[in-house]
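Take a look at the letters that make up each chain.
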Amino acid sequence: MMSADELYMHRCLQLALNGEIGAPPNPMVGAVIVCDDRIIGEGFHARCGEAHAEVNAFASVSKADERLLSQSTLYVSLEPCAHYGKTPPCADLVIRKGVRRVVVGCIDPFAKVQGRGIQMLRDAGIDVTVGVLEQECRWLNRKFFTFHTHHRPYITLKWAQTADGVMGELGGGPLLISNPATLRHSHHLRATNNAILVGWRTNVNDSPSLTTRHYSGPNPRRIVYDSHAETIPQLLSRLYSEGVQSLLVEGGAATHSQFLDLGLWDEIHQELGMPRHREKLLLSNALFERAAHRLSAKPVPISKSCESEAAIKSEELGVKPQTKIICAPKLDLLPSWQETIGTHRILHYYNYK
Ligand SMILES: [Zn+2]
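First things first, this report covers the structure right here in the doc. Nothing here was measured: the structure is a model prediction, and the numbers come from that model.

Digging into helix H1 (residues 4-16)
Alright, step 1. Taking 1.5 Å as the rise per residue, H1 with 13 residues should run 18 Å; its terminal C-alpha atoms sit 18 Å apart, in good agreement.
Alright, step 2. The set of residues buried in H1 consists of Tyr 8, Met 9, Cys 12, Leu 15 and Ala 16. For H1, the buried positions fall inside an angular range of 110° around the axis, keeping them on one side.
Alright, step 3. In this structure, the buried residues of H1 make contact with strand E1 (30-35), strand E2 (38-44), strand E3 (73-78), strand E4 (101-106) and helix H5 (134-140).

Observations concerning the sheet that holds E3
Backbone-to-backbone hydrogen bonds pair the strands of a sheet. The strands run either parallel or antiparallel.
Alright, step 1. With mixed pairing, the 5 strands of this open sheet are ordered in space as E2-E1-E3-E4-E5. A strand with exactly one partner marks an edge of an open sheet, and here the two such strands are E2 and strand E5 (127-130). On average, each strand axis in the sheet is inclined to that of its neighbour by 15°, with strand direction left out of account.
Alright, step 2. In the sheet, E4 pairs with E5 via 4 bridges, with the strands oriented parallel.

Some points on unusual backbone geometry
Alright, step 1. Look at the link from Pro 24 to Pro 25: it is a cis peptide, with omega at 5°.
Alright, step 2. Of note in this structure, Asp 36 is not a glycine but carries a positive phi near 45°.
Alright, step 3. Within the secondary structure, Asp 36 sits in the loop between E1 and E2.

Looking at the sheet that holds strand E11 (residues 267-272)
Alright, step 1. Spatial strand order, E9-E8-E10-E6-E11-E15-E14: 7 strands in an open sheet with mixed pairing. The outermost strands of the open sheet, each flanked by one partner alone, are strand E9 (221-225) and strand E14 (337-341). Here the average twist between neighbouring strands, direction ignored, is 20°.
Alright, step 2. When strand E6 (residues 154-161) meets E11, the two strands line up parallel, connected through 6 bridges. Across the sheet, Leu 157 pairs through a bridge with Ile 268, a residue of E11.

Reading guide: rules and limits
Residues numbered from 1 in each chain as written. Predicted model: local features only at pLDDT ≥ 70, side-chain atom pairs only at ≥ 80, totals over all residues. Helix = DSSP H or I, 4+ residues; strand = E, 2+ residues; numbered from the N terminus. Expected span 1.5 Å × (residues − 1). Buried ≥ 20, exposed ≤ 12 C-beta atoms within 10 Å, placed from the backbone. Arc of directions from axis to C-beta. Contact = placed C-beta atoms within 7 Å. Pairing = 2+ DSSP bridges. Axes fitted to C-alpha atoms, helices over the stretch in contact; angles between N-to-C directions.

Written as structure tokens, this is what we have:
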């Protein structure tokens, strides 16, 4: 059974998520004030530069309940800040409000805080508990944590492929795999990442707009990656110095493969469309018409390796290998979870610990 501390920390996490779009580059934080098993105040950090969760939680306490603060517990998903940023330190406010106890989800990895907020509270005689639902609290702010501890952006790879592993036809423009519901999913990803990257070839071939047309939120900064100009580690350290906390890599397959080969990824969203896209793609090509009847009986083998492009073998199709198919990267791991959206599935993989 969940303890009372865990229950209220869960509420903090729920509240914190309201800051998903507005809070970054600040972390998402939720706070709840409880007296005798009754929530008398709650708040979250809605927008960078505006009030922190603790400030909003105290401001929400009614006049009648103010007198209860000295017997109350403040729950907060992240350690209260101890430094003057855009707002004064929350640790000072918590001390001034005189709560009896503070329960903290996890310690702030940000160099200016790192346990100092908790120390300030303890020095003031407040009973402090640290680490309730710590994993969940760290998970919520995995982008913020990765940026501050690994000194690089949090990296999400995202692509859509047919169920049989095709991403497109070389030089054939974008192959539309996503449906309206999964588009919303990918535009949510765009809205929650600072920057979006595509390889130069994808940029030339598909000229993607990379905007958040299907989700409300800011458009991420657009980065076109050229491996001749910069290596991926060089790019990542440049983005870190420019304060880019999260990076969404949308392709193409060659770019994804480079990130995968280097082990530089934290999260993958692999969208699987219908296998018939592949047949349609091939049927649309007059060269393959003769082979169409064979396709429905037998799937066309694609390269086993993590190559981004593979020519379909002429003997298997009975035609000249005129068309190159862009194959999706092969993943040698199991998804952490998957969701079904209409006829599509999205497989989620995590490298973040
Ligand atoms: Zn604060």
